Amino acid sequence: MSTPEQNKQAVKHFMEVFSSGDVDATLALMADDATWWVAGTMPISGTYNKAQFRELLSGVAGACKGGAIKLMPKAFTAEGDRVAVETESLADLNNGRHYNNHYHFLFTVRGGKIVSTKEYLDTMHTNAILCTP
């Protein structure tokens, strides 16, 4: 069983790899049955299984110059298998827009792998910058 500190380090590493734009390496850090939930009612809101998350992540990466949204964790709270992270993101998009959002992520980690994520964010900003042509 992992300690809260080990889980925090697993999430920190996940965010670093996510920020690199390497979709395969990012997904390798997730359990096979992992889920990712995005808050709100925008086109990308909802719950994704790992295969669906691959499609979402690939689409977002394709919209970004450099192929990734950079995640910058600001504060962690870890208890048991849960890790909460306040995060800021940055990305310049191929459409000329600049994406800069603030998040609260809740990760569940087991055996060093991400098994579930809840992503709370400024949905109005995301919809206007990422989801609107």
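If you're wondering where the values come from, they're calculated on a predicted model, not measured in any experiment. (Residues numbered from 1 in each chain as written. Predicted model: local features only at pLDDT ≥ 70, side-chain atom pairs only at ≥ 80, totals over all residues. Heavy atoms only, no water.)

### Description of the pairing of strand S5 (residues 98-110)
Within a regular beta strand, the side chains point alternately toward one face of the sheet and then the other, so they alternate between its two faces. Note: strand S4 (residues 82-92) against S5, eleven bridges, orientation antiparallel. By the bridge assignment, Val 85 is partnered in S5 with Phe 105. Linking S4 to S5, which pair antiparallel, is a turn of five residues; within it Gly 96 sits at a positive phi near 90°. In this sheet, strand S6 (residues 113-121) lies alongside S5 in antiparallel orientation, the contact comprising eight bridges. Each bridged residue has a counterpart across the sheet, and for Leu 106 the counterpart in S6 is Lys 118. Here S5 folds back onto S6 in antiparallel fashion, the turn holding two residues, of which Gly 111 has a positive phi close to 60°. (Pairing = 2+ DSSP bridges. Helix = DSSP H or I, 4+ residues; strand = E, 2+ residues; numbered from the N terminus.)

### Some remarks on the pattern of salt bridges
In total, this model carries five salt bridges according to the counting rule given. For Asp 32, the salt bridge goes to Lys 50, with nearest N and O atoms at 3.6 Å. Of the two residues, Asp 32 is situated in strand S1 (residues 30-38) and Lys 50 in helix H3 (residues 50-63); the sequence distance between them amounts to 18 residues. For Lys 50, a relative accessible area of 17% gives the class buried. Note that Lys 74 and Glu 88 form a salt bridge whose closest N and O atoms lie 3.7 Å from each other. Pair noted here: Lys 74 is in strand S3 (residues 70-79) and Glu 88 is in strand S4, with a separation of 14 residues, a long-range link. (Salt bridge = Lys/Arg side-chain N within 4 Å of Asp/Glu carboxyl O. Buried < 20%, exposed > 50% of the residue type's maximum accessible area, 1.4 Å probe, protein only.)

### A short note on the environment of Glu 79
Summarising the element assignment, Glu 79 is placed in strand S3. Along the backbone, Glu 79 and Leu 90 are eleven residues apart, and their C-alpha atoms lie at a distance of 28 Å.

### So, the sheet that holds S1
Here six strands make up an open sheet; going across it, the order is S2-S1-S6-S5-S4-S3 and the pairing mixed. At either margin of the open sheet sits one strand with a lone partner, and together these are strand S2 (46-49) and S3. Going across the sheet, the axis of each strand differs from the next one's by a mean of 20°, ignoring polarity. In the packing of H3 onto the sheet, contacts are made with S1 and S2, and the angle to S2 comes to roughly 110°. (Axes fitted to C-alpha atoms, helices over the stretch in contact; angles between N-to-C directions. Contact = heavy atoms within 4.5 Å.)

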